[in-house]
Amino acid sequence: MNYRPMAILLAAGWTTGCTVGPNYHRPAVQTPQAFRAPDPLPAPQAESFADLKWWEVFKDADLQQLVRTALQQNYDLREAVARVEAARANLGITRSDQFPQVGASGDLQFTRLSRNGAFALPRSFVGSQNRNWGEAFLDLLSFEVDIWGRLRRATEAARANLLSNEETRKAVVTTLVSDVATAYITLRELDYELEIARGTLETRRVSLQLVQSRQGGGVATRLDLRQAEELVHTAAEIIPTLQQQAEQTENQISLLLGENPRAVSRQGRFNEDLFPPEVPAGLTSALLERRPDIRAAEQNLIAANAEIGVAKAAYFPRLSLSGSLGGQSTQLSSLFSGPSSAWSFVPQVTQPIFTAGRIKSTVRLAKAQRDSALVQYQRAIQSAFTEVSNALIAHQRVRESRVEQEALVAAIEDRKRLAYVRFRGGVDTMLNALDADRELLQAELDLRQIKLNELLSVVQLYKALGGGWQ
């Protein structure tokens, strides 16, 4: 057998450099010089808040344990990991088409002939009634010569899909870390609000007892008594609402952890100075490399670009090679002897002639999908800058609101103190004390909400900058 033609064709398939379709080049993206924020940010520095690992940002021990559990058990993350494994397997399947496939086949036939037919034959004429037939072949070659790069482009697309799924997994990690932190911080702030409500309720009950004593002595009126009772019931009504929110937040955390609803363990007082006072955003150009969703969108663009080459390769001839080597014999003992050897080598060329516009439409479809992936990539970038800007704005504006709300709470506290002093001294009515008490409770609860929003703005900034997946 002359193996030279087969060797030449195989070498041509592996060494050819012709690949149809456009090569990928990253699109030019115009990034802003700095992130938009209410106050001018410091000069951009390479260091970014998002470069910190999540356990360096969230230093609360209970929160760290919740995040670790979520990273092991969360359903969305486990599904993302499964998609990565599926994409890796698909890459192996697609890549295998670039290489020759080797297999083996064989069969044996055992036949017994009949002596009784249309004409009976004597035993001496028929001889042996048994006939044996055997085949054994080694399929040395089943191979498409990738002259136009169709298979290489398909492998390029599959590899990009794998990387896209891997980046999507990192994006899920980023979202998961921020969601657990958001729910946990919300839960701790609800605990503080419950403390305020319970403390206020206890204080108002003491005031109610005082009013009841004064009424018994003829100093307070029945109207004063009803106003004091109103304060007690108002404070008591808030507590079940806050408890409901806290318990539902615990259920939300349990779902993020992939567990059944349960109480969330938390020890000690929550450190509200959890985050550093300064949270540098870093360079705007670094955002494109740090955010997993942007990198996933770019890998989708690379895959769509490669699919154009796969579609265009259908215009050109497709060369396939198949070959086998083995033996055929009526006797098993001589199946692998020289006279029984057999081989085949079948080059095959196929060329589409008329497809009624199918190939052209397939190419147009691939280009349209590439254009769609490009739009999604550009939108992901603009969305990232918008999210960072929104988080910076929230961080600065909420901090300003907190300062003003703290001053308001201090003013109402002093007003309440003076109103009760005047009421007990018989100088003023219960109405002013009632108004001050009611406004103080609401102001304190509003202050807790503002502090919560301030903490959550830092969490959102960390997420928007692409932190948390390392």
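Residues numbered from 1 in each chain as written. Predicted model: local features only at pLDDT ≥ 70, side-chain atom pairs only at ≥ 80, totals over all residues. Heavy atoms only, no water.

A. Representation of the overall build of the chain in the model. Each helix and strand in the chain was counted, giving eleven helices and four strands. Expressed as a percentage of its 470 residues, the buried residues of the chain come to 41%. Of all intrachain contacts in the chain linking residues separated by at least 6 positions in sequence, the fraction that spans at least 24 positions is 85%. By element, 54% of the accessible surface of the chain is carried by carbon and sulfur atoms, the whole surface being about 25,700 Å². (Helix = DSSP H or I, 4+ residues; strand = E, 2+ residues; numbered from the N terminus. Buried < 20%, exposed > 50% of the residue type's maximum accessible area, 1.4 Å probe, protein only. Contact = heavy atoms within 4.5 Å. Areas by Shrake-Rupley, 256 points an atom, 1.4 Å probe, with all protein chains shown as cover.)

B. Quick look at the environment of A37. Along the chain, A37 falls in the loop between α1 (4–15) and α2 (54–57). When its relative accessible area of 18% is taken as the criterion, A37 is described as buried. Not counting residues up to four positions away in its chain, the partners in contact with A37 are L392, I393 and Q396.

C. Focus on the layout of surface pockets. In this structure, the second largest pocket spans a volume of roughly 270 Å³. Within the residue set of the lining of the second largest pocket, elements represented by two or more residues are α10 (358–424) and α11 (430–464). Residues belonging to the lining of the second largest pocket are distributed by class as follows: six nonpolar, one polar and six charged. (1 Å grid on protein atoms, 1.4 Å probe; cavity = no way out; pocket = protein on both sides within 12 Å on 5 of 7 lines; lining within 4 Å. Points joined across faces, edges and corners; volume = space filled by probe spheres on them. Nonpolar A, V, L, I, M, F, W, Y, C, P; charged D, E, K, R; others polar.)

D. The arrangement of the environment of S324 in detail. Looking at the element boundaries, S324 is found in strand β3 (residues 318–329). Residues S324 and G103, 221 residues apart in the sequence, show an inter-C-alpha distance of 9.2 Å.

E. Spatial organisation of the packing of helix α6 (residues 150–216) against helix α7 (residues 222–256). Between α6 and α7, whose axes approach to 8 Å, the crossing angle comes to 160 degrees. Relative to α7, the element α6 lies roughly antiparallel. Of the two possible hands of crossing, α6 and α7 adopt the one that is left-handed. (Axes fitted to C-alpha atoms, helices over the stretch in contact; angles between N-to-C directions. Parallel < 35°, antiparallel > 145°, perpendicular 65-115°, else oblique. Left-handed = near helix turned anticlockwise from the far one by under 90°.)

F. Molecular detail of the nonpolar core. Membership of the largest hydrophobic core comes to 82 residues, with the highest contact counts inside it found for F58, I185, F275 and L465. When residues of this core are assigned to their parent elements, the largest contribution, 18 residues, is made by α6. Discounting residues that sit within four places of it in the chain, I185 has contacts with F270, L274, F275, L452, L455, L456 and V459. (Core = buried A, V, L, I, M, F, W, Y, C linked by side-chain atoms within 4.5 Å.)

G. Representation of α7. With 35 residues, α7 ought to run about 51 Å at 1.5 Å a step, and its terminal C-alpha atoms sit 52 Å apart, in line with that. Immediately downstream of α7, the backbone of G258 shows phi near 70 degrees, a positive value. (Expected span 1.5 Å × (residues − 1).)

H. Expanded view of helix α4 (residues 75–96). The first and last C-alpha atoms of α4 sit 32 Å apart over 22 residues, in line with the 32 Å expected at 1.5 Å per residue. All of the buried residues in α4 are L77, A80, V84, A87, L91 and T94. End-on view of α4: buried residues confined to an arc of 100 degrees, all on one side of the axis. The secondary structure elements touched by the buried residues of α4 are α3 (61–73) and α6. By the N-cap criterion, in which a side-chain oxygen at the helix start approaches the backbone nitrogen of a residue two or three places on, α4 is capped by N74, the distance to D76 being 3.0 Å. (Arc of directions from axis to C-beta. Polar contact = N/O pair within 3.5 Å; in protein donor to acceptor, adjacent residues only side chain to side chain.)

I. Here's a closer look at the environment of V29. By the element assignment, V29 lies in the loop between α1 and α2. Taking the C-alpha atoms as reference, V29 lies 9.7 Å from S285; in sequence the two are 256 residues apart. Among residues more than four places away in sequence, those in contact with V29 are Y377 and I381.

J. Representation of the side chain of D437. Assignment of secondary structure puts D437 in helix α11. Using a relative accessible area of 2% as the deciding quantity, one classes D437 as buried.

K. Structural detail: the packing of aromatic side chains. In this structure the tally under the stated criterion is six aromatic pairs. Here W54 and W55 contribute two aromatic rings whose centre-to-centre distance is 5.4 Å and whose plane-to-plane angle is 85 degrees, an arrangement assigned as edge-to-face. Taken together, a centroid distance of 5.8 Å and an interplanar angle of 90 degrees make the contact between F58 and Y462 edge-to-face. Placement of the pair is F58 in the loop between α2 and α3 and Y462 in helix α11, with a sequence separation of 404 residues. For the residue pair F58 and Y462, the accessibility class agrees, reading buried in each case. (Phe/Tyr/Trp six-rings, centres within 6.5 Å; stacked < 30°, edge-to-face > 60°.)

L. Just the packing of α7 against α11, in detail. One way to put it is that α7 packs onto α11 with a least axis distance of 10 Å and a crossing angle of 10 degrees. Put simply, α7 runs roughly parallel to α11. Residues D224, Q227, A228, E230, L231, A235 and I238 of α7 lie in contact with α11, whose contacting residues are M430, L431, L434, D437, R438, L441 and L445. Here the contact of α7 with α11 is built from residues that sort into nine nonpolar, one polar and four charged.

M. Layout of unusual backbone geometry. In the Ramachandran plot, A356 falls in the positive-phi region, its phi being about 60 degrees despite a non-glycine side chain. Within the element layout of this structure, A356 appears in the loop between β4 (341–350) and α10.

N. Main features of the pattern of salt bridges. A complete count under the given rule lists 32 salt bridges for this structure. Linking E189 and R448 is a salt bridge whose minimum nitrogen-to-oxygen distance equals 2.8 Å. One end of the pair, E189, is in helix α6; the other, R448, is in helix α11, and 259 residues separate them in sequence. Pair check on accessibility: E189 and R448 agree, each one buried. Between R266 and D191 there is a salt bridge, with its nearest N and O atoms 2.5 Å apart. With R266 in the loop between α7 and α8 (287–290) and D191 in helix α6, this residue pair connects regions lying 75 residues apart in the sequence. Its relative accessible area of 26% is what places R266 among the partly exposed residues. One network of salt bridges, in which partners are shared, links R188, D191, E250 and R266. (Salt bridge = Lys/Arg side-chain N within 4 Å of Asp/Glu carboxyl O.)

O. Representation of the confidence of the model for the chain in the model. For the chain, the average pLDDT comes to 84, and 85% of its residues sit at 70 or higher. Across the chain, element-level confidence peaks in helix α9 (residues 292–312) with a mean pLDDT of 94 and bottoms out in α1 with 50. (pLDDT = per-residue confidence, 0-100.)

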